[in-house]
Amino acid sequence: TSKIFINDSYLIDGFDFKSELERISNFFPKCFVNPSYAEGAITLAKIWWGLVASWYNETKIAYDLLKPSKFPRYYGNDSDKTNDIMTPLFFNYAALAAVDLNKINEAEEFLYHARDAYSKYDLPNNFQALFSDFIEIKIAFKAGDPYSAYLLLDELREEILSQVFDYGDGFFLDEDINIFINEFIDLTFELKKINENFFVDPLFLFELKNLV
């Protein structure tokens, strides 16, 4: 299906992701020369670039760059899960990349870390939790259970429409909303291809930004 972006927040004129990543990577040996922390600092910088790769639909690059995020040296430690509201963001995108590459076990592992971070952080992070719920549904679909995916997706739609949760409470980027919308639309049409009764009307998504 066609990608429908609510705005062009991450489509920057003249920006070529792969070229820019290569250019920045060439700076790393000059910026991080102390061997005692260079490897960790470079990996951490690349994790951030993994987010950008996700926005530009560079799935394999996103997976490779985000994979180390689960390690205790990075965002897999209790300190970051307890104190950094952005932590689930990295795990959600790592899980999304993994499931798109049919790495189901890895996707479930990243999703575990995202949910663990929600449980350890004191304040709500509702949109990222919503994103995790959707990724869990996508995992079910990729694992070969379209009927469960349909039921869960329809349930998620009703939950959003009920406005029980304030999805603007927490940390999110415009890119997260755009990707969530496009992923939801893609999945509901994939489900419809299998069985027309599995169609989950996505039109409400155009009001999602008003809800956050």
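Higher on the page you've got the structure.
Everything in this summary refers to the structure shown in the same document. Just so you know, these numbers come straight off a predicted model, no measurement behind them.

Calculation criteria
- Residues numbered from 1 in each chain as written.
- Predicted model: local features only at pLDDT ≥ 70, side-chain atom pairs only at ≥ 80, totals over all residues.
- Heavy atoms only, no water.
- Helix = DSSP H or I, 4+ residues; strand = E, 2+ residues; numbered from the N terminus.
- Contact = heavy atoms within 4.5 Å.
- Areas by Shrake-Rupley, 256 points an atom, 1.4 Å probe, with all protein chains shown as cover.
- Lys, Arg positive; Asp, Glu negative; His and termini not counted.
- Charge placed at Lys NZ, Arg CZ, Asp CG, Glu CD.
- Phe/Tyr/Trp six-rings, centres within 6.5 Å; stacked < 30°, edge-to-face > 60°.
- Buried < 20%, exposed > 50% of the residue type's maximum accessible area, 1.4 Å probe, protein only.
- Lys NZ or Arg CZ within 6 Å of the ring centre and 35° of its normal.
- Axes fitted to C-alpha atoms, helices over the stretch in contact; angles between N-to-C directions.
- Parallel < 35°, antiparallel > 145°, perpendicular 65-115°, else oblique.
- Left-handed = near helix turned anticlockwise from the far one by under 90°.
- Expected span 1.5 Å × (residues − 1).
- Nonpolar A, V, L, I, M, F, W, Y, C, P; charged D, E, K, R; others polar.
- Salt bridge = Lys/Arg side-chain N within 4 Å of Asp/Glu carboxyl O.

1. Focus on the overall build of the protein
Assigned secondary structure in the protein consists of ten helices and zero strands. Seen in sequence order, the protein has helices and strands lined up from the N terminus as α-α-α-α-α-α-α-α-α-α. A principal-axis box enclosing the C-alpha atoms of the protein has dimensions of 60 × 40 × 35 Å. Long-range contacts, defined as pairs at least 24 residues apart, comprise 72% of the intrachain contacts of the protein with a sequence gap of at least 6. Total accessible area computed for the protein in this model is approximately 10,600 Å², and 52% of it derives from carbon and sulfur atoms. Separation between the mean location of the 19 positive side-chain charges and that of the 35 negative ones in the protein comes to 8 Å.

2. Some points on the packing of aromatic side chains
Under the definition given, this model contains 16 aromatic pairs. Here Phe131 and Phe180 contribute two aromatic rings whose centre-to-centre distance is 6.2 Å and whose plane-to-plane angle is 85°, an arrangement assigned as edge-to-face. One end of the pair, Phe131, is in helix 7 (residues 126–142); the other, Phe180, is in helix 9 (residues 174–194), and 49 residues separate them in sequence. We classify Phe131 as buried; its relative accessible area is 0%. Geometrically, the ring pair formed by Tyr150 and Phe198 is stacked, given 5.1 Å between the ring centres and 15° between the ring planes. Of this pair, Tyr150 sits in helix 8 (residues 146–162) while Phe198 sits in the loop between helix 9 and helix 10 (208–211), and the two are 48 residues apart along the sequence. Judged by its relative accessible area of 18%, Tyr150 falls in the buried class. The structure contains a cluster of three or more aromatic residues connected by ring pairs, namely Tyr93, Phe127, Phe131, Phe134, Phe172, Phe180, Phe184 and Phe204. Taking the ring centre of Phe110 as reference, the NZ or CZ of Lys70 above it sits at 5.5 Å. Note that Lys192 overlies the ring of Phe199, its terminal NZ or CZ placed 4.9 Å from the centroid.

3. Quick look at the packing of helix 5 (residues 87–100) against helix 6 (residues 104–120)
Packing of helix 5 against helix 6 leaves a shortest axis separation of 8 Å and a crossing angle of 165°. In terms of their interaxial angle, helix 5 and helix 6 are classed as roughly antiparallel. For the pair helix 5 and helix 6, the crossing hand works out as left-handed. Of the residues in helix 6, those in contact with Thr87, Pro88, Phe91, Asn92, Ala94, Ala95, Ala98 and Val99 of helix 5 are Ile104, Glu106, Ala107, Phe110, Leu111, His113, Ala114, Ala117 and Tyr118.

4. So, helix 2 (residues 38–55)
Taking 1.5 Å per residue, 18 residues should reach 26 Å; helix 2 reaches 26 Å between its end C-alpha atoms and fits that length. Summarising burial for helix 2: 13 of the 18 residues are buried, a large majority. Asn57, located one to two residues past helix 2, shows a positive phi value of around 60°.

5. Let's talk about the packing of helix 1 (residues 17–31) against helix 2
Contact geometry for helix 1 and helix 2: axes closest at 12 Å, N-to-C directions at 175°. As judged from the angle between their axes, helix 1 and helix 2 are roughly antiparallel. Mapping the contact onto sequence places Phe17, Glu20, Leu21, Ile24, Ser25 and Phe28 in helix 1 and Ile42, Ala45, Lys46, Trp49, Val52 and Ala53 in helix 2. Class assignment for the residues of the contact of helix 1 with helix 2 results in nine nonpolar, one polar and two charged.

6. A word on the pattern of salt bridges
Enumeration according to the criterion identifies 13 salt bridges in this entry. Across the salt bridge formed by Lys81 and Asp116, the nearest N and O atoms sit 2.8 Å from each other. With Lys81 in helix 4 (residues 78–83) and Asp116 in helix 6, the pair connects residues that are 35 residues apart, well separated along the chain. The burial state of Lys81 is the same as that of Asp116; both residues are buried. For Asp133, the salt bridge goes to Arg115, with nearest N and O atoms at 3.1 Å. Of this pair, Asp133 sits in helix 7 while Arg115 sits in helix 6; the two residues are 18 residues apart in sequence, bridging distant segments of the chain. What makes Asp133 partly exposed here is its relative accessible area of 23%. Overlapping salt bridges, with partners in common, bring together Asp78, Lys81, Asp116 and Lys120 in one network.

Any functional reading would require information that these geometric values do not contain.
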